[in-house]
Amino acid sequence: MFENPYIQQRIEKTHRLKEAGFNPYSNESRRDTTIAKYLNVNDDIISLQEKRDENRIYTVVGRIKFFRLMGKASFLKIEDESGILQIYVARDNLAEGFYNTVFKKYIEVGDIIEVTGYPFVTNKGELSLHVSHLHILTKAISPLPEKFHGVTDKEIRYRQRYLDLIMNADVRKTFKTRSKIISLTRRFFEDKGFLEVETPMMHPIAGGANAKPFTTHHNALGIDRFLRIAPELYLKRLIVGGFEAVFEINRNFRNEGMDATHNPEFTSIEFYWAYKTYKDLIELTKEYFSYLFEHLDLPSKLPYGDMEVDFTDFREIGLVTSLHVIGGVPENIVNDKEAILAFLRENSLEANDKMSLGQLQGELFDEFVEEKLINPTFITEYPVEISPLARRSDTNSEVTERFELFIAGREIANAFSELNDPIDQLSRFEGQLEAKESGDDEAHEMDEDFVTALSYAMAPTAGQGIGMDRLVMLLTNEHSIRDVLLFPAMKPLNNEIKTETKE
């Protein structure tokens, strides 16, 4: 595994360190401050006449990112999670013989060291640390990439995220922002009176969304289970049980394609609110974004690639209306199945005559509207055929009380007034089974227990899901979902274990 000659040289240095009485994998550290705190506390050194204070003694740790050897002294840059610090190491300030016999021979870029010393300012005006004691904590046997270019190969960045994080401070910043977004999300809903819950990740039925599931096997029970594609049906069971506001920040798994906005394993939040409608969720969603922007200190007009998204301009429009108002589809065909099929063929798009009118309207939306929705837009009034779990509109039984939120041409959230009529729900599940028999392998399965739950009466409820990965992409100006997932799904390399399926 470690045949590389440079790695072999470093392994040899670990042996020499041990022989000299130094543990290259020490488990003790006396660090008393972080680099960021050190730089902040000692900022006043610049204004002192001597530009130093030998009475202030600090111990910091960090990975060596830069090393310039200058005979009897050296300048290094070390980095911890909080920042980068320049340190000055002189032969005469260390224990006798240490500089020449240990430091110069065995310490190098990539190693993690602990240093003790006092603050001073160099002739170039940089606040630094004058080292009086140096201790190696961890020896790196693999050399870091060349510092000026870092890790730029995306394959390496995604497969070896640890190396990406070591070399790219902006990447660490993105994931810190992600963590903060999730933390703020939890706080927002808790402050609103929602209860955080946990529901199963292995389901007997792949329900809650139209998607292909992953299958696993439960050895103790001797049965197959599906990895969760959505927690929706379990969360609504809790509403039946008497909870009135619940949420779950959840991991979902969908055995589907991968692209810039899709990963087989992803994070979302789903929340359900009794005695509310989808209209209430539109207002809650606006409030949620305002909360995030305030606590993340983001401008209301946010750049995203070549676009600028105005988060003061939330809009609302019906799906069918959007087809001709935004998508440019001729108004006279949007409610005519045969005309839509002809229009799709004219535009060299797949035209499946087995699809219902509502499904075809959904196809038109995907092709002609979605990518044009730059500012936050709530698309409402989805056809019943593509909304198997949403409540029908009281004024138009062909559409549901549902919205999807689109920003920068991408879906961010999906919500609706929940269907709580058990007879209607049973009928829709039966319709989904017919769709599955017709070749729709993403159609929803029958869930009789959920229908039974509804038969005990579920309060009028509104529910919503928000894709956290896409939300993080939006707020950090990242354009691939892999850049906001610490360990995205990757094709195996030749030397990785593969499991082949025999047909």
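Below or above, wherever it landed, is the structure these notes cover.

Points about the environment of leucine 238
- Counting through the fold element by element, leucine 238 comes out in helix α7 (residues 232-241).
- A residue is classified by how much of its surface remains accessible, and leucine 238, at 24% relative accessible area, is partly exposed.
- For leucine 238 and glutamate 437, which are 199 residues apart along the polypeptide, the C-alpha to C-alpha distance reads 31 Å.
- Setting aside chain neighbours within four positions, we find leucine 238 in contact with Val197 and Phe243.

Observations concerning the pairing of strand β10 (residues 245-253)
- Counted residue by residue, β10 has eight buried out of nine residues, so it is predominantly covered.
- As defined by bridge partners, strand β6 (residues 195-196) adjoins β10 across two bridges and the pair is classed as parallel. Each bridged residue has a counterpart across the sheet, and for glutamate 196 the counterpart in β10 is phenylalanine 247.
- The pairing of β10 with strand β11 (residues 265-274) spans nine bridges and is classified as antiparallel. Directly across from glutamate 248, in β11, lies its bridge partner glutamate 270.

Some points on the packing of helix α12 (residues 422-437) against helix α13 (residues 448-455)
- Between α12 and α13, the least distance of the axes is 9 Å, while the angle of their chain directions is 165°. With respect to each other, α12 and α13 are oriented roughly antiparallel. In this structure, the crossing between α12 and α13 has a hand that is right-handed. Two secondary-structure elements touch here, α12 through Pro422, Gln425, Leu426 and Phe429 and α13 through Phe450, Val451, Leu454 and Ser455.

Describing the layout of surface pockets
- If you add up the space inside the second largest pocket, you get close to 390 Å³.
- Lining the second largest pocket are 14 residues, with Ser142, Pro143, Gln160, Tyr162 and Leu163 positioned closest to its centre.
- For the lining of the second largest pocket, the element with the highest residue contribution is helix α5 (residues 161-167), accounting for three residues.

Focus: the packing of helix α6 (residues 169-191) against helix α8 (residues 278-296)
- In the contact formed by α6 and α8, the axes pass within 10 Å of each other and the chain directions differ by 130°. Classified by the interaxial angle, the pair formed by α6 and α8 is oblique. As α6 packs across α8, the resulting crossing turns out to be right-handed. Taken together, the residues of α8 that come into contact with α6 (itself represented by Lys180, Ile181, Leu184, Thr185, Arg187, Phe188, Phe189 and Asp191) are Leu284, Glu287, Tyr288, Tyr291, Leu292, His295 and Leu296.
- Of the residues assigned to the contact of α6 with α8, the class counts are nine nonpolar, two polar and four charged.

As for the environment of leucine 349
- You can see leucine 349 is positioned in the loop between α10 (337-346) and α11 (357-368).
- Separated by 18 residues in the primary sequence, leucine 349 and glutamate 367 place their C-alpha atoms 8.9 Å from one another.
- Contacts of leucine 349, omitting those with residues within four sequence positions, involve Leu344, Glu367 and Phe368.

Focus: the packing of aromatic side chains
- Under the defined criterion, the tally for this structure stands at 23 aromatic pairs.
- Here phenylalanine 22 and phenylalanine 98 contribute two aromatic rings whose centre-to-centre distance is 5.7 Å and whose plane-to-plane angle is 75°, an arrangement assigned as edge-to-face. A residue pair is termed long-range when its members are at least 10 positions apart, and phenylalanine 22 in the loop between α1 (5-19) and α2 (35-41) and phenylalanine 98 in helix α3 (residues 98-106) qualify at 76 residues.
- Phenylalanine 98 sits in the buried class, given a relative accessible area of 13%.
- Seen from their ring centres, phenylalanine 194 and phenylalanine 271 are 6.0 Å apart, and the 90° between their planes marks the pair as edge-to-face. Taken as a pair, phenylalanine 194 in the loop between α6 and β6 and phenylalanine 271 in strand β11 lie far apart in primary sequence, 77 residues in all.

Considerations on the pattern of salt bridges
- Overall, the coordinates contain 36 salt bridges when judged by the stated rule.
- The shortest N-O distance in the salt bridge between glutamate 418 and lysine 236 comes to 2.6 Å. One end of the pair, glutamate 418, is in the loop between β17 (410-417) and α12; the other, lysine 236, is in helix α7, and 182 residues separate them in sequence.
- If you follow the salt bridges from partner to partner, you end up with Arg10, Lys13, Glu108, Asp111 and Lys139 in one network.

What about the sheet that holds strand β14 (residues 315-318)?
- Pairing is mixed across the open sheet formed by eight strands, whose spatial order is β6-β10-β11-β18-β17-β16-β15-β14. Only two strands of the sheet have a single neighbouring strand rather than two, namely β6 and β14.
- Bridge count for β14 against strand β15 (residues 377-380) is four bridges, and the pairing is parallel. Within the sheet, the bridge partner assigned to isoleucine 317 lies in β15 and is isoleucine 379.

Things to note about the sheet that holds strand β7 (residues 202-203)
- With respect to topology, three strands assemble into an open sheet ordered β7-β9-β8, the strand pairing being antiparallel. With partners counted over all chains shown, the strands left at the sheet margins are β7 and β8 (215-218), one partner each.
- Here β7 runs beside strand β9 (residues 223-227); their pairing, made up of two bridges, is antiparallel. Bridge pairing in β9 links histidine 203 to phenylalanine 226.

What counts, and where the lines are drawn
Residues numbered from 1 in each chain as written. Predicted model: local features only at pLDDT ≥ 70, side-chain atom pairs only at ≥ 80, totals over all residues. Heavy atoms only, no water. Helix = DSSP H or I, 4+ residues; strand = E, 2+ residues; numbered from the N terminus. Buried < 20%, exposed > 50% of the residue type's maximum accessible area, 1.4 Å probe, protein only. Contact = heavy atoms within 4.5 Å. Pairing = 2+ DSSP bridges. Axes fitted to C-alpha atoms, helices over the stretch in contact; angles between N-to-C directions. Parallel < 35°, antiparallel > 145°, perpendicular 65-115°, else oblique. Left-handed = near helix turned anticlockwise from the far one by under 90°. 1 Å grid on protein atoms, 1.4 Å probe; cavity = no way out; pocket = protein on both sides within 12 Å on 5 of 7 lines; lining within 4 Å. Points joined across faces, edges and corners; volume = space filled by probe spheres on them. Nonpolar A, V, L, I, M, F, W, Y, C, P; charged D, E, K, R; others polar. Phe/Tyr/Trp six-rings, centres within 6.5 Å; stacked < 30°, edge-to-face > 60°. Salt bridge = Lys/Arg side-chain N within 4 Å of Asp/Glu carboxyl O.

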